[in-house]
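# Structure assessment
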Amino acid sequence: MRIRPENTHDAHAIRSVQYHAYNEHQYSYLSEYKIVDALREENALALSLVAEDERDGVIGHATISPITINGNGVGWYYLGPVGVLPEHQKHGVGSALITQAVRATYGMGAKGLVSQGDPRFFKRFGFRNDTRLSYNQVQPEHVVMIPMGKEVPQGAVALHPAYFIS
Ligand SMILES: CC(C)(COP(=O)(O)OP(=O)(O)OC[C@H]1O[C@@H](n2cnc3c(N)ncnc32)[C@H](O)[C@@H]1OP(=O)(O)O)[C@@H](O)C(=O)NCCC(=O)NCCS
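A brief structural summary.

Procedures and definitions
Residues numbered from 1 in each chain as written. Predicted model: local features only at pLDDT ≥ 70, side-chain atom pairs only at ≥ 80, totals over all residues. Heavy atoms only, no water. Phe/Tyr/Trp six-rings, centres within 6.5 Å; stacked < 30°, edge-to-face > 60°. Helix = DSSP H or I, 4+ residues; strand = E, 2+ residues; numbered from the N terminus. Buried < 20%, exposed > 50% of the residue type's maximum accessible area, 1.4 Å probe, protein only. Core = buried A, V, L, I, M, F, W, Y, C linked by side-chain atoms within 4.5 Å. Pairing = 2+ DSSP bridges.

### What to know about the packing of aromatic side chains
All chains considered together, the criterion is met by six aromatic pairs. An angle of 90° between the planes, with centres 5.6 Å apart, marks the rings of Tyr78 and Tyr163 as edge-to-face. Residue Tyr78 is located in strand 4 (residues 72–84), and its partner Tyr163 is located in the segment after strand 9 (155–158); the two are separated by 85 residues in the primary sequence. Aromatic pair Phe121 and Phe125: ring centres 5.4 Å apart, planes at 80°, arrangement edge-to-face. The buried category is assigned to Phe125, whose relative accessible area is 11%. The rings of Phe121, Phe122, Phe125 and Phe127 are connected pair by pair, giving a single aromatic cluster.

### Some points on the nonpolar core
It is characteristic of soluble globular proteins that their nonpolar side chains tend to be buried jointly. Ile67, Trp76, Leu79, Leu113, Val114, Phe127 and Leu133 are the most contacted members of the largest nonpolar core, which has 48 residues in total. Among the elements of the structure, helix 1 (11–22), helix 2 (32–41), strand 2 (47–53), strand 3 (57–69), strand 4, helix 3 (93–107), strand 5 (112–116) and strand 8 (143–147) are those that each provide at least two residues to this core. It is strand 3 that provides the largest number of residues to this core, a total of six residues.

### Overview of unusual backbone geometry
Cis geometry marks the peptide bond from Gly80 to Pro81; its omega dihedral reads 0°. Tracing the backbone shows Pro81 in strand 4. The phi angle at Asn70 is positive, at roughly 55°, despite the residue not being glycine. Locating Asn70 in the fold gives a position in the loop between strand 3 and strand 4.

### A few points about the pairing of strand 9
Pairing geometry for strand 3 and strand 9, over two bridges, is antiparallel. When the bridges of strand 9 are listed, Ile69 appears paired with Val157. Note that strand 7 (residues 133–134) and strand 9 share two bridges and pair parallel. Residue pairing across strands places Ser134 opposite Ala156, the latter belonging to strand 9.

Structure (structure tokens):
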């Protein structure tokens with residue numbers, strides 16, 4: 001298995017991975033698989049990493065896109081959706097994708113990275129919970145971040161409109 005940036009032939013496989021990864025997920029609105037396409041169309045796919053298996057091809061995918069905080073673009077990004085095909089979960093693929101995504105976001109000169117989920121899971125990648133940032137209806141303890149610059153801005157995170165396609 002290797003992690004690499006998406007190429008021009010990966011769109012269909014990425015859609016399929018995100019669809020199947022989120023299909024039975026309790027917080028999913030089943031539109032995750034459309035988000036990556038929408039971000040790409042809007043030139044807002046800052047980073048798109050695939051996990052490629054020698055036998056099964058693309059089995060996982062991680063998305064990074066720019067966010068605003070209090071309406072301002074401040075060099076912060078959002079990690080998600082991240083998905084791994086159900087039959088390949090629990091073998092370290094998701095962790096490898098997130099580790100690489102964090103590394104690459106540092107490499108882009110980002111000021112910080114935000115995601116949402118169980119802080120116990122995200123902690124291992126360097127994320128921590130910080131209530132200075134809020135995101136919509138997400139429980140404050142599930143907003144996680146990695147500051148990559150000197151400051152942590154305070155306020156409301158807004159994702160790219162492409163996330164809200166139905
Ligand atoms: C979350 C997901 C990407 C993880 O991929 P994966 O390849 O199974 O992850 P790994 O094998 O690297 O890691 C599995 C570990 O993470 C834990 N884990 C996975 N998802 C978790 C979650 N949402 N909350 C808490 N822990 C989680 C597992 O219990 C396991 O822990 P362990 O290492 O102590 O055994 C994958 O399960 C998935 O696609 N889920 C559906 C989509 C989703 O929820 N995406 C949100 C991710 S931010």
